[in-house]
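# Structure assessment
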Amino acid sequence: MVPGWAGALAGLVAGCVALGVAQLVAGIVGPGTFPVVAVGDVAVDLAPPPVKDFAIETFGENDKAVLIGGVLVVLALVATAIGILARRRLVLGYAGLAAFGVVGVLAVLTRPGSRPLDVLPTVVGVLAGAWALRWLIRRITTPSGQPVPGGTAGEREEPPQGAAGVERPAVMRAGGEPYAFDRRRLLTGAAGGVVIAGAAAVLGRELTGRAMVDSARVAVKLPAPAVPARPLPPGVDFGINGLSPFVTANQGFYRVDTALVVPQVDPETWTLRIHGMVDRPIELTYADLLRRPLTEADVTLACVSNEVGGPYVGNARWLGVRMADLLREAGIQSGADMLLSTSHDGFTCGTPVDVVTDGRDALFAIAMNGEVLPVDHGFPVRQVVPGLYGYVSATKWVVDVKVTRFDRDEAYWTPRGWAAQAPIKTQSRIDLPGSGASLEPGRTTIAGVAWAQHTGIDAVEVRVDRGAWQRARLAQVPGPDTWRQWALDWDAPAGRHTIEVRATDAAGRTQTERQAPPAPDGATGWHTITVKVG
Ligand SMILES: Nc1nc2c(c(=O)[nH]1)N[C@H]1C(S)=C(S)[C@@H](COP(=O)(O)O)O[C@H]1N2
Ligand SMILES: [Mo]
């Protein structure tokens, strides 16, 4: 005979599957449609004021968690009972699950502004729970490898019943022998169910968080900048097809981070703390940040992992609060040389204090190309520091800045073999023609971008087949912090050709030809491509 605890366990696992699947579907349909939350919301609405006051006084900010916990405990008890019943007659289990579902559907539909589709998480969850219950009960009432006596699979769920109250073997072997309950089959089945439920719940939560943060993000009204970006001079963009546009669209902007799932940070609860070697620690909310004077700046970000000629570089217009302003208010103490900034997910960057405070547009940025910062790029707030590789400066989802010293603290990538300090190295890239392209003989354009953030690009030279260096024409730039387009017309003769590029920055330094890999502090060398003409 299947013992009561086995039925209870099957019921609990079925309940977990129901909730996990409901959570997953709620992640797609919308936050608030998860039945547990809806039931909790109903309970809050229905609770008489003294009960509410008691809950708030007793549990404080945890009142929500306590309430949801209470709902879950009740659900667990119900699920246990369902499992115990189902081990005798599966239909009783179904009936229990259906009752469960009715309560959930009613709770969801009585929420203000609910839509008919909002019942989906409950309904699909209950169906999944019923399926899991049936599967588990059959697993423990049927010997492995044996057909279910008395019917083909799916037709008879209940074991043969005797007179009410008389314990009988749930299932007989074909020969009529009672079959012994198999604990291992139950436990492996239950474990499988819990894993599926857990995976569905995690995925659902991730989707829900995304939906909630997306709606918070959409609701943000960007203030006008107190210091607008320098107007873009005419001619920042040659408009050549295939050449990186001066402004990289947010959609196409490279993304590099250690986050397996993108952090979903609620701007309502986000704060930024500036502390450590300061006279007056600061803590700001998102609203505080938006009320401050905002600076707009065009800055090209680059990743240290970018190979010569690689794609991990992009240019955007950022809007944010100058980091130096907040640091001045906090009052940096003498001896401090590092800002250790921490992301919501624990990632850290170590940024030199003198770089951030030397007058350049180092920002706590809230917007990118006129749009509220995209979640992938650090919503609600990220750092942007012209001239430094992203891993030492561009903390996304930033929540904390500790003013400290390089000899006392280490950022995320330092013990992993990357340099503690890493200014961006001057680079140039050929976008056109593509590497390995086949061209028609005749006039064509060689074009690309070059960058030396916070110094600026003064010259770009190109040579074909190791011939003489020829100066490319340069597009305009608003300042030294962005990349610069360059182009050169070329009368391409038939044959295979090698094209090389090198840039010279505004301090007169020309890129070194020496090839170095990205680690530990950025790749060097001249971008070189070959093309076939004719
Ligand atoms: N929280 C967090 N911020 C981060 C990182 C990260 O892994 N986690 N990576 C950094 C690196 S290595 C780079 S190059 C830039 C990339 O910024 P983007 O993804 O907006 O292009 O973000 C920086 N900020
Ligand atoms: Mo990076």
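These notes cover the structure that comes with them. Keep in mind that what you see is a predicted model, and the values were worked out from it rather than measured. (Residues numbered from 1 in each chain as written. Chains lettered and ligands numbered in written order. Predicted model: local features only at pLDDT ≥ 70, side-chain atom pairs only at ≥ 80, totals over all residues. Heavy atoms only, no water.)

### Focus on the packing of helix α2 (residues 35-46) against helix α5 (residues 90-109)
Here α2 crosses α5 at 65°, and the two axes come no closer than 8 Å. Judged by the inter-axis angle, α2 sits roughly perpendicular to α5. Judged by the twist between their axes, the crossing of α2 over α5 is left-handed. On the side of α2, the interface is formed by Pro35, Ala38, Val39 and Val42, while α5 contributes Val103, Gly104, Ala107 and Val108. Tallied by class, residues from the contact of α2 with α5 come to seven nonpolar, one polar and no charged. (Axes fitted to C-alpha atoms, helices over the stretch in contact; angles between N-to-C directions. Helix = DSSP H or I, 4+ residues; strand = E, 2+ residues; numbered from the N terminus. Parallel < 35°, antiparallel > 145°, perpendicular 65-115°, else oblique. Left-handed = near helix turned anticlockwise from the far one by under 90°. Contact = heavy atoms within 4.5 Å. Nonpolar A, V, L, I, M, F, W, Y, C, P; charged D, E, K, R; others polar.)

### Things to note about the environment of proline 478
Turning to its location among the elements, proline 478 is positioned in the loop between β16 (473-474) and β17 (484-492). The exposure class assigned to proline 478 is buried, which follows from its relative accessible area of 13%. Among all residues touching proline 478, those that are not within four sequence positions of it are Arg230, Leu232, Pro233, Val236, Phe246 and Asp298. (Buried < 20%, exposed > 50% of the residue type's maximum accessible area, 1.4 Å probe, protein only.)

### Points about the site of ligand 1
What surrounds ligand 1 is a group of 18 residues, the closest being Tyr254, Thr258, His377, Arg382 and Lys396. A distance of 3.0 Å separates an oxygen atom of ligand 1 from a polar atom in the backbone of valine 256. At a separation of 2.5 Å, an oxygen atom of ligand 1 approaches a polar side-chain atom of lysine 396. Burial of ligand 1 by the protein amounts to 98% of the accessible area it has alone, namely 530 Å². Counting atoms within 2 Å of the grid points, the majority share of ligand 1 lands in the second largest pocket. (Near = heavy atom within 4 Å. Polar contact = N/O pair within 3.5 Å; in protein donor to acceptor, adjacent residues only side chain to side chain. Areas by Shrake-Rupley, 256 points an atom, 1.4 Å probe, with all protein chains shown as cover. 1 Å grid on protein atoms, 1.4 Å probe; cavity = no way out; pocket = protein on both sides within 12 Å on 5 of 7 lines; lining within 4 Å. Sits in = over half its atoms within 2 Å of the grid points.)

### Examining the environment of alanine 516
Relative to the helices and strands, alanine 516 is located in the loop between β18 (495-505) and β19 (528-533). When the C-alpha positions of alanine 516 and alanine 336 are compared, they lie 32 Å apart, and in sequence the two are 180 residues distant. Sequence-distant contacts of alanine 516, defined by excluding residues within four places in its chain, comprise Ala523 and Thr524.

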